[in-house]
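Structure at a glance
Now for the letters of each chain:
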Amino acid sequence: MAQVYVALGANLADPISQLDNACKALLSLAPADSFSVSRYYRSAPMGDVEQPDYVNAVAGFKTSLSPIDLLDALQSIENQQGRLRELRWGPRTLDLDLLLYDDQCIDSPRLVVPHYGMRERSFVLVPLSDIAADFILPDGTALSSLLNDALRAELVIAQTP
């Protein structure tokens, strides 16, 4: 079984409930004893599109799904929760991004792992550190070396699940 980490984000249709429902759906992909989720954080949206703040978290779990099968499962969960892909970096009911899949590096047309933007995004790094503080990225970089007080200050805790 592979250890995976998935970023969760939502800013429409009661974002906290969207993340709660996504966690329930993710549990169906994993042994329950392997599942953990960070606190929920509020973050400002990326890009120039006017929209509400996001609620973000990171879930970690083990799965027997291949990376592409997991991607398909994540996209199915997004679709079940009303995700529409209309505008890049636009508002959404749910966004699930596969951040890490074991220590694999994947670069395919459908999937890039580690996630291409995770090193610069406080709304990924801070929640990931909640559940995997000692994590070492596939390239040997310690997660703790990517975190600083400025990144932590960008986020506000929205809820502890």
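Being a predicted model, the structure only gives us computed values, none of them experimental. (Residues numbered from 1 in each chain as written. Predicted model: local features only at pLDDT ≥ 70, side-chain atom pairs only at ≥ 80, totals over all residues. Heavy atoms only, no water.)

Structural notes on the overall build of the chain
Rules: Secondary structure counts use DSSP, requiring at least four H or I residues in a row for a helix and at least two E residues in a row for a strand, with both numbered from the N terminus. Computation of the radius of gyration draws on C-alpha atoms alone. For the globule rule, the value is 2.2 Å times the number of residues to the power 0.38. Pairs of residues are marked as contacts when any of their non-hydrogen atoms sit within 4.5 Å. His is not counted, nor are the chain ends; Lys and Arg add positive charge and Asp and Glu add negative charge. Lysine's charge is taken at NZ, arginine's at CZ, aspartate's at CG and glutamate's at CD.
Broken down by element type, the chain carries five helices and eight strands. Ordered by position from the N terminus, the helices and strands of the chain form the series β-α-β-β-β-α-β-β-β-α-α-α-β. Scaling as 2.2 N^0.38, a compact globule of 161 residues should have a C-alpha radius of gyration of about 15 Å, and the chain matches this with 15 Å. With the C-alpha coordinates aligned to their principal axes, the bounding extent of the chain is approximately 40 × 35 × 30 Å. Considering only residue pairs separated by 6 or more positions, the chain has 68% of its internal contacts joining residues 24 or more positions apart. For the chain, the distance from the average site of its 12 positive side-chain charges to the average site of its 21 negative ones is 2 Å.

Some remarks on the environment of methionine 1
Its location among the elements puts methionine 1 in the segment before β1 (2-10). Discounting residues that sit within four places of it in the chain, methionine 1 has contacts with Pro31, Lys62, Thr63, Ser64 and Asp102.

Some words on the pairing of strand β4 (residues 54-63)
It is a general feature of regular strands that their side chains alternate between the two faces of the sheet. As a reminder of what qualifies: In this scheme, a residue with accessible area under 20% of its type's maximum is buried, one over 50% is exposed, and one in between is partly exposed, where area comes from a 1.4 Å probe on protein chains only. In this description, strands pair whenever DSSP reports at least two bridges between them.
With nine of its ten residues buried, β4 lies for the most part within the structure. Sheet topology note: the β1/β4 ladder contains nine bridges and is antiparallel. Bridging across to β4, alanine 10 finds its partner in valine 55. Note: strand β2 (residues 36-37) against β4, two bridges, orientation antiparallel. Bridge pairing in β4 links serine 36 to glycine 60.

Quick notes on the packing of aromatic side chains
Filter applied, for reference: In summary, the pairing rule links any two rings of Phe, Tyr or Trp, Trp by its six-membered ring, whose centres are within 6.5 Å, and it sorts them by plane angle into stacked for under 30 degrees, edge-to-face for over 60 and tilted for everything else.
Under the defined criterion, the tally for this structure stands at two aromatic pairs. Note on tyrosine 5 and phenylalanine 135: the rings are 5.3 Å apart at their centroids and 75° apart in plane angle, and the pair reads as edge-to-face. With tyrosine 5 in strand β1 and phenylalanine 135 in the loop between α3 (122-131) and α4 (143-146), this residue pair connects regions lying 130 residues apart in the sequence. Here phenylalanine 35 and phenylalanine 61 contribute two aromatic rings whose centre-to-centre distance is 6.0 Å and whose plane-to-plane angle is 25°, an arrangement assigned as stacked. With phenylalanine 35 in the loop between α1 (15-27) and β2 and phenylalanine 61 in strand β4, this residue pair connects regions lying 26 residues apart in the sequence. Given a relative accessible area of 17%, phenylalanine 35 falls into the buried group.

So, the environment of proline 127
Turning to its location among the elements, proline 127 is positioned in helix α3. Overall, proline 127 belongs to the buried group, its relative accessible area being 0%. Between the C-alpha atoms of proline 127 and histidine 115, which are twelve residues apart in sequence, the distance is 15 Å. The residues touching proline 127, leaving out its near neighbours within four places in the chain, are Ser38, Tyr41, Ala57, Val58, Ser122 and Leu155.

As for the environment of isoleucine 16
Topologically, isoleucine 16 is positioned in helix α1. Residue isoleucine 16 is classed as buried on the basis of its relative accessible area, which comes to 18%. Separated by ten residues in sequence, isoleucine 16 and leucine 26 have C-alpha atoms that sit 15 Å apart.

Some thoughts on α1
Inclusion rule: In a helix, the anticipated span is given by 1.5 Å times the number of residues less one.
Between its first and last C-alpha atoms α1 spans 18 Å; for 13 residues at 1.5 Å apiece the expected length is 18 Å, and the two agree. Taken residue by residue, α1 has Pro15, Ile16, Gln18, Leu19, Ala22, Cys23, Ala25 and Leu26 as its buried positions.

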